[in-house]
Amino acid sequence: MLDYFFVILPLGAIWFLLFIFYCRSWQLPATFAPLCIYGLYSGNSPWRWLLLIPLLSLLVVDLHIIVKESNFSKRINILTYLLTIPILIIYFYYDLGFPEQRNLAVTIWAYFCQIIILTIVLKFWFFDVLLLVVNRLWIREKYYLETHIVEKSRKIVGRSISYLVIFDNLGKKEVSGFFYLYLKFKRVTPKDKISIIIKKGFLGVEYITGFPKVLS
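The structure presented is a predicted model; accordingly, all values stated were derived computationally and were not measured.

(A) How the structure looks around the pattern of salt bridges. For the structure on display, the rule yields six salt bridges. A salt bridge links Lys123 to Asp128; the nearest nitrogen and oxygen atoms lie 2.6 Å apart. Of the residues examined, Lys123 reaches a relative accessible area of 1% and is grouped as buried. Of the charged contacts, one joins Lys200 and Glu206 as a salt bridge, the two residues approaching to 3.9 Å between their closest N and O atoms. Residue Lys200 is classed as buried on the basis of its relative accessible area of 18%. Taking relative accessible area as the criterion, Glu206 reaches 13% and is therefore assigned buried. Through salt bridges with shared partners, a single network forms among Glu141, Lys200 and Glu206.

(B) Inspection of the environment of Arg75 at higher detail. Examined against the element boundaries, Arg75 turns out to sit in helix H4 (residues 71-93). Taking relative accessible area as the criterion, Arg75 reaches 55% and is therefore assigned exposed. For the pair Arg75 and Thr209, spaced 134 residues apart in the sequence, the C-alpha separation amounts to 23 Å.

(C) Examining the pairing of strand S3 (residues 160-167) more closely. Taken together, the eight bridges between strand S2 (residues 141-157) and S3 define a ladder with antiparallel strand orientation. Paired with Ser153 across the bridge in S3 is Leu164. Linking S2 back to S3 in an antiparallel pair, the connection comprises two residues, with Gly158 at a positive phi of about 65 degrees. Here five bridges tie S3 to strand S4 (residues 171-175), and the two strands are oriented antiparallel to one another. Its bridge partner lying in S4, Leu164 is registered against Glu174. The turn linking S3 back onto S4 is made up of three residues.

Calculation notes
- Residues numbered from 1 in each chain as written.
- Predicted model: local features only at pLDDT ≥ 70, side-chain atom pairs only at ≥ 80, totals over all residues.
- Heavy atoms only, no water.
- Salt bridge = Lys/Arg side-chain N within 4 Å of Asp/Glu carboxyl O.
- Buried < 20%, exposed > 50% of the residue type's maximum accessible area, 1.4 Å probe, protein only.
- Helix = DSSP H or I, 4+ residues; strand = E, 2+ residues; numbered from the N terminus.
- Pairing = 2+ DSSP bridges.

Quick look at the structure:
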């Protein structure tokens, strides 16, 4: 058993670090996939089904670039903020926040922080992921595009890192760190021609999954 521990622990650490530093927001919940799977099989809490929520991200973990959103998807995206309200009401109704007695100022501040954190987590880690899963249930259009990588760069703001790629016929796009690492690993230069697959899903969102094929 101890031998398995020394094998699994480094693999888990590598998985965690890769996702923390190189994923997009919708890929981030997959960081906790190994822990969630372990909790589902070993736990006995009636709430353990909640561990399925981060696993939803595994269905879009190969989605590296959002090329274009439709007006319809943008309106739904705004609606997801409203969908967090009933969940917040249930959360506080069942007193899942800070139940112990505190002074009024601390209580107000504590619940304010919880509302902000829960809204962010629900919006970016659940509803956005769910919309991307729904979007790729039915592919309305699919086409191949040959292009060149004009420039690839990293943008660091505080503790946040964004990976940017300029395509010669798509312009500047934010990509996942995995896509960026692939271009680095393949040593793709502006002279190299690559082929990518662009798909338009059910909600009209155009996206790129997988990695490009280097043609020359």
